[in-house]
Each structure stands twice: as C-alpha cells, then as structure tokens.
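# Survey of secondary and tertiary structure
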Amino acid sequence: MKILAYTSPARGHLFPLVPILDELRRRDHDVVCRTLAEHLDDVRALGIKAAAISPEVAGIAIDDWKATSPLESQQRGMRAFARRAPFDAADLDEAIETERPDVLLVDIMSFGALAVAEASALPWASWLPYPAWLRGPGIPPYGLGLAPLAGPDGEARNAAMAEMLVETAQEVMAAVNGGRHVVGLPMLTEPDEILLRPPLLLYLTAEPFEYPRPSWPVSFRLVGPCPWEPPVPTPTWLLDEVRPIVLVSTSTAYQNDGRLVTTAFEALRQRDDLLIVATVPEGDPRNYDPPPNCRVDRFVAHGQLLGKAAAVVCHAGMGITQKALASGVPVCAVPFGRDQFEVARRLEVSGAGVQLPAADLTVNALALAFARTVALRPEAERIAAAFAAAGGPVAAASAVEELAPSSEASPSGPTTNADNPS
C-alpha cells in the first residue's frame, strides 16, 4: 500500500517517526513523507520519497521560550499551532491530490492536516511523541508536571488544578477547532477528544515510564520510543575515548536553555574521570568556554555516546529522555517548558532519573542531582527492558498495516502487539 506521512516542522516530531516509516518501507510499502526541508536528504537516503512541507507552515515559529510561566509557554505554543492549521490543511490536501495514498499518517499537532485526514475517506492514523494529556484516575491535569495522586485528595487537587488551567485548555481547543473549521468538521469541546479522533494513535512510549492506567483507549498503541538520528561518521575524538561520558543536551527547538550547559560544565569541571559532552543544536558552540574535561558541539549523534554514557543531563525533552532510558542510561532532567515538566515528572516517578527544576538550577544543586542520578542505572535498565518489550517500530508498522485490507498487509511482521495494554 502507499502511505503518506505528514509531520509538523520539528525534529522532535520527525525523528521518532523515521524508524516506523523505514520499517514500513522494508515491508515493501510505498512510503511518502512531507517534512522538514533540512532533513529531506536524510529521509530520502532510506528509500523514502520525501518533499518539504509548505514554507507557510515551516515559517511559523513557536516562541514559547519568551514565556514567564509554564501556562504562558503552553498558550504561546498553541497559538503557533493554530496559525499553522490553515496552511498545513492546504498542504496535506495538495499532497493527497499529488500522491493518491492508500493510508495517511498525520502528526497529532498538525491540527489542520489532522482535520483533513479525519474528513477524508482514507484510513488514517497519528502518532504522539510526547506525554498524553489524557485524563485518568489519579492523573493530574496536563502541563504543570504534578505527581499522580489517587483517592479523594487527588480528585480534589486535580479538580482545583483543572480550574486553574481553563484558559490553557481554551487555547488548545481554539487551535484544534481552528483546523477543524477549515475543513468543516464539528467543533470539539475537550482537549482529550483530539487524542481520540484518530482510528489508530501510535503512542511512542510505554509503561512504566508512562503512568500505568487500568486501561487505554482501544485506538492507543503503546509501542515504546523509536529513536533515530541522521547518520554521521563517528568523531575521531570519540574513537579512543575510555572515560565514561556524561551527555549534556539542550533542545532541538530553540528555548534559551543554554545555561544548562554552562552550569553542568561548572558542576562537573573537577571530574577528570569523566568526559562531559554537550550538544547545542539550536545554540552556538563558540559561546561556551568548556573546561579541559568538557567539550561542546552543535551536533554529535547521541547514539554514538550513549553506549559509553554514565548519565544524561538534559532539558527533559521526550526524545532525549526516552533515548537515554532505552539505552539503560539514567537521566538528570531540568525542564524549561513545553511538555518537559510532564516528562521530568514521569522520569522521577519511574525511578529512572532525577528532576531538578530550572528555577533551582545552580552549580551545587546540579552536582548533587548528578550524584543521585548515576546511582539509578538499575532502574533505567528496567525501563529499557519495558521499552524493548513494547515492540518499537516493528509493532508500530504492524499496527499501521492493520488499517489496510488484509491482502495489502505484509507477512514480514506480527499483526498484533501482545504487550499493548489496550
């Protein structure tokens, strides 16, 4: 069958999808992708036909880094997604007309494209690379990174927090319904509903990193993370390195989190037994003055480092956090915004890492948090085993194949995911 995938303009949305598309291509499906112009060659190198999303979509940047609170950060982000919606709706319409696919795979945050998929007569699915904002027993309202709390106390707290988050929920619904309005779909009333619209939602995580629930919606498939990064040669300095590595990573989408790097350098500058490697994909390495046991690069393939890593210190992005845990490496997470408060809390609750709020980020605090983090490798390895059991790209590709007539599905992989709690 022919599968058309459409992503929003962010590496954190594209990179986890690539292994799924590659697995579908390996099963002899015709795979087409609309995504970031800067990564077209990387995607095409895998044998996937790729074209750039429209410049109108790509040109609308998320400015949530300007926010002064988590709530404002979410609201700014949603306004950007809302502005993109009419353009990504038109963009996917054009791609469907050009490619004539059998199945659509559409980014959950491309609200216009998502509505086009729902309004089409085609089988379709979406994927979720971030923590789900789906409500459940004891699970707090999304966004503030509150810990789960069961029973009457939890119900009271969660109800009070939901009242505080009404304005944010309204921003979410305005963004979602803006996309739906473009194609004439009925308006939705609750943020949870957007997660329940796709007939299939590939949720790129697994319990127990995600909070365990009594049940998941039938459309949800918890397949675990699907790490990927553009292939690059191993740097020469890494080939002969024998010291354990501490990877310090900032966001792939600008959020002004460079002080995480400078603080980590100061906190660990006396640790000559370690090599501290910082990656700043949206920063400038020339702005840093690394001590002798530290180095800073715009990009180093994290997969090349994690095999030697003692720990990861990061901004609590879902991608790097789960990538580290999938390698059995514990994480010290310093959330700055977006979904990072939720990721950091899940990390803490799972026992596989330590959360340090950005407001508390000091040299001494980070040194203490790092010392606690490195002792948590057994828990990180436990999460790694759970991720592997969820099936990853193989389970995800099999779920996508279920959308097509059985005669078009490939026999090369399982057709069900026995480990999926749904």
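Up top is the structure these notes are about.
A few points on the structure.

## As for the overall build of the chain
Helices and strands together make up the secondary structure of the chain, namely 17 helices and 13 strands. Considering only C-alpha atoms, the chain reaches an extent of 60 × 50 × 40 Å along its principal axes. At a minimum sequence separation of 6, the contacts of the chain that also span at least 24 residues come to 64%. Carbon and sulfur atoms provide 55% of the accessible area of the chain, an area that totals close to 16700 Å². Computing the positive centroid from 35 side-chain charges and the negative centroid from 51, the chain places the two 3 Å apart.

## Focus: the nonpolar core
Core analysis: the biggest nonpolar cluster contains 38 residues, and Leu92, Ile108, Phe111, Leu128, Ile194, Leu195 and Phe220 have the highest contact counts within it. Among residues more than four places away in sequence, those in contact with Leu195 are Ile108, Leu128, Ala132, Trp133, Leu134, Leu201 and Phe220. In this structure, Phe15, Val18, Leu24 and Ala404 belong to the second largest nonpolar core, which totals 32 residues.

## Points about the side chain of Thr250
Topologically, Thr250 is positioned in the loop between strand E8 (245-249) and helix H11 (259-268). Taking relative accessible area as the criterion, Thr250 reaches 4% and is therefore assigned buried. Only 3.2 Å separates the side chain of Thr250 from the backbone oxygen of Thr279, close enough to count as a polar contact. If sequence neighbours within four positions are ignored, Thr250 has contacts with Asp257, Val261, Thr279, Val280, Pro281 and His315.

## Examining the sheet that holds strand E12 (residues 331-333)
Spatially, E10-E9-E8-E11-E12-E13 is the arrangement adopted by the six strands of the open sheet, whose pairing is parallel. The outermost strands of the open sheet, each flanked by one partner alone, are strand E10 (294-297) and strand E13 (353-355). Neighbour-to-neighbour, the strand axes of this sheet turn through a mean angle of 15°, independent of strand direction. Of the strand pairs in this sheet, strand E9 (residues 275-279) and E10 are connected by four bridges, and their pairing is parallel. Bridge pairing in E10 links Thr279 to Asp297. Packed on one face of the sheet, H11 meets E8, E9, E10 and strand E11 (309-314) and runs near 155° to E8. Its contacts with the sheet place helix H14 (residues 340-350) against E12 and E13, and it is angled at close to 135° to E13.

Rules behind the numbers
- For every chain, the first residue of the written sequence is number 1, and numbering continues from 1 along that sequence.
- Local features in this predicted model are restricted to residues whose pLDDT is 70 or higher, and side-chain atom pairs enter the listing and the counts only when it is 80 or higher, whereas totals over whole chains, interfaces and linings include all residues.
- Excluding hydrogens and water, the side-chain values take into account all heavy atoms of the structure.
- A helix here means a DSSP run of H or I that spans at least four residues, while a strand means a run of E at least two residues long, and both kinds are numbered starting from the N terminus.
- Whether two residues are in contact is decided by their heavy atoms: any pair within 4.5 Å suffices.
- In short, Shrake-Rupley with a 1.4 Å probe defines the accessible areas, and a residue's cover is counted only from the protein chains shown.
- In this tally Asp and Glu are treated as negative and Lys and Arg as positive; neither His nor the chain ends contributes.
- Charge positions are represented by NZ for Lys, CZ for Arg, CG for Asp and CD for Glu.
- To form a nonpolar core, buried Ala, Val, Leu, Ile, Met, Phe, Trp, Tyr and Cys residues must be joined to one another through side-chain atoms within 4.5 Å.
- Any residue under 20% of the maximum accessible area for its type is buried, any over 50% is exposed, and the rest in between are partly exposed; the area is computed with a 1.4 Å probe on protein chains only.
- Polar contacts, as counted here, are pairs of nitrogen or oxygen atoms within 3.5 Å of one another; within protein the pair requires one atom able to donate a hydrogen and one able to accept it, and residues that are adjacent in sequence qualify only if both atoms are side-chain atoms.
- For two strands to be treated as a pair, DSSP must find at least two bridges joining them.
- Lines fitted to C-alpha atoms define the axes here, with helix axes fitted over just the stretch in contact, and angles between the N-to-C directions of these axes take values from 0 to 180 degrees.

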